[in-house]
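# Residue-level structure breakdown
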Amino acid sequence: MSTTLTNTAAWKSLRKHFNEVKEIEMKSLFEKDENRGKSFKLDELGIYFDYSKHRITDETLSILFDLARERGVEERRSAMFSGEKINTTENRAVLHTALRAPKGSTIMVDGRDIVPDVHAVLDKMADFSNKIRSGEWKGFTGKPIKNIVNIGIGGSDLGPVMAYEALKYFSARELVFRFVSNVDGSDFAEAVVDLQADETLFIISSKTFTTLETMANAQTARNWSLSQLGDQLSVARHFVAVSTNEKDVTKFGIDAQNMFGFWDWVGGRYSMSAAIGLSTMIAIGPVHYQGMLNGLHEMDEHFRTAPLEKNIPVIIGLLGLWYNNFFDAQTQAVFPYDRYLHRFPAYLQQLTMESNGKHVTLDGELTDYQTGVVYWGEPGTNGQHSFYQLIHQGTKLIPTDFIGFKKSLNNLPPHQDYLIANMIAQGEALAFGKTTDEVRAEGVPEKLIPHKVFEGNRPSSTFFLDQMSPENLGKLVAMYEHAVFVQGVIWGINPYDQMGVELGKVLAQNIIPELQYSSKEIHHDSSTNALIELYRK
Ligand code: G6Q
């Protein structure tokens, strides 16, 4: 049985086209069209997006755009931006784009304009951030806050850590930032090992305020803080919350005044521009934070208004689909050639894999095609000295995204030249490789020639921006958010729920008492029983 996707006219012509072009060599594409490097590119919003080093022709792109149209990408895009409940399994709107909508715009959800609500929270965050940064906010003993510890996991951690690391250059260096996510007690212990409670603020970031890991870390943080400060009243000066659950926040002992809200139409992994970004705002200040929101909004507008053919997230999404569904590529690598983006691949992993790791369509049918790609990556040039070997000469096809900046924030010649030369060289080597004749001409002994040949024809995109900045980070984040959306629409799945993480959570809740009380009978499979018994001993 084939699904609606594999039955579309565009899918069928893509399948036929694939059989015609699957052996095509990038080298010959470049030889035939000497302007290819300049024609297969977009230069929008300060992002130079080179997608010439791909196994595509004009016809490939044209059928891919047909597919996007046939699958209703444009209609779904309007539906998302206008607040329709496109997260159908949870009956929710998907409006992370509203988090960066400028004051004065209007977005209606259930008959209410949500833009003023968004700005009220942003203003409250700015006020609080300014008080922490200026030292006006005093801890319980009268000292200003020096350390900020964000406690949260998944979407309530990965965005804040990534953004803090990415924008460290713009941060208040006199403040210390730590991020605690893991339920492993060592995470908390190491985060506070050199901190004093009377100078430390905890931000408990949890949309639901029920997540096991975050609640356990929050309790431990409260005990740690109270053990030094000795008074329940100190909690109000050293704990704030970011959540949608006011009832449980106040039950924990945090004053509702010190809670920063958001809404069910913001998914966890799409929440770094909601109040979940509080640690980011404290770090870089409201002005730079607004810069990040501006960058996000600029990309939202580009995605919303640009025709598919000139739309960066659309093209990224389509290229990913081309390799995933036709070349059977399993993974997608992302290599930022900028040290500040060292947590960006981890952030993207959640964004892409939690969103599009689904095997059932919106109608509840099993897909008869592949969906979500495995994202992974590390900053360049480090990866070049380890796993790039497999990308160059291994047996797997791994489409790669390179992200680089023309100018470094730290002017230390010749580092930037070396860094960017490496990024550009990797794309060139992947695409064009090195032939047997070229290796032989270098005088390599016959026996070694096969080992030194690079077959090339390995695809990559290059995103080249001016310099790392809050604006540019915002653009990159929204760029991938929307690429995920495009793929989700074409695959006919819901990128905005995450039912797949539930089962493990429920089973862990069953096992906790079985580890704690050895008298409890256990009735799992023989492997699970043995592991529990081993722990009990
Ligand atoms: C993200 C997921 C998940 C979530 C965490 C934390 O999209 O839903 O990663 O962010 O489980 O949830 P809370 O913020 O509710 O603690």
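Up top is the structure.
The shown structure was predicted, so the numbers you read here are calculated from the model rather than taken from an experiment.

### Notes on the side chain of Thr 371
Take Thr 371: it is sitting in the loop between α14 (344-356) and β11 (374-376). For Thr 371, a relative accessible area of 9% translates into the label buried. Polar side-chain contacts of Thr 371 include one of 2.7 Å to the backbone oxygen of Lys 358. Ignoring sequence-local partners within four residues, the contact set of Thr 371 consists of Asn 324, Asn 356, Lys 358, Trp 491 and Ile 493.

### A few points about helix α1 (residues 9-21)
Over its 13 residues, α1 runs 18 Å from end to end, which matches the ideal 18 Å to within 8%, given 1.5 Å per residue. When we look at burial in α1, the residues that qualify are Ala 10, Trp 11, Leu 14, His 17, Phe 18 and Val 21. The buried residues of α1 occupy an angular sector of 125° when projected down its axis, which confines them to one face. Exposed and facing more than 90 degrees away from the buried side of α1 are Ala 9, Lys 16 and Glu 20. Lining the buried residues of α1 we find α4 (58-70) and α13 (312-325).

### Brief notes about the site of the ligand
The immediate surroundings of the ligand are formed by 13 residues, with Ser 156, Ser 206, Thr 208, Thr 211 and Arg 269 found nearest. Lys 207 is positioned with one of its backbone polar atoms (N or O) 2.7 Å from an oxygen atom of the ligand. Computed on the free molecule, the ligand has an accessible area of 410 Å², of which 89% lies beneath the protein chains in the complex.

### Here we look at the pattern of salt bridges
Taken as a whole and judged by the stated rule, the model has 25 salt bridges. Arg 339 is the partner of Glu 165 in a salt bridge, and the nearest nitrogen-oxygen pair spans 3.9 Å. On the criterion of sequence distance, the pair formed by Glu 165 in helix α7 (residues 158-166) and Arg 339 in the loop between β10 (331-337) and α14 is long-range, its members being 174 residues apart. Among the residues examined, Arg 339 registers a relative accessible area of 53% and is labelled exposed. Arg 440 is paired through a salt bridge with Glu 446; the nearest N and O atoms lie 2.7 Å apart. A relative accessible area of 51% places Glu 446 in the exposed class.

The rules behind these values
- Residues numbered from 1 in each chain as written.
- Predicted model: local features only at pLDDT ≥ 70, side-chain atom pairs only at ≥ 80, totals over all residues.
- Heavy atoms only, no water.
- Helix = DSSP H or I, 4+ residues; strand = E, 2+ residues; numbered from the N terminus.
- Buried < 20%, exposed > 50% of the residue type's maximum accessible area, 1.4 Å probe, protein only.
- Polar contact = N/O pair within 3.5 Å; in protein donor to acceptor, adjacent residues only side chain to side chain.
- Contact = heavy atoms within 4.5 Å.
- Expected span 1.5 Å × (residues − 1).
- Arc of directions from axis to C-beta.
- Near = heavy atom within 4 Å.
- Areas by Shrake-Rupley, 256 points an atom, 1.4 Å probe, with all protein chains shown as cover.
- Salt bridge = Lys/Arg side-chain N within 4 Å of Asp/Glu carboxyl O.

Distances and angles like these do not, on their own, reveal function.
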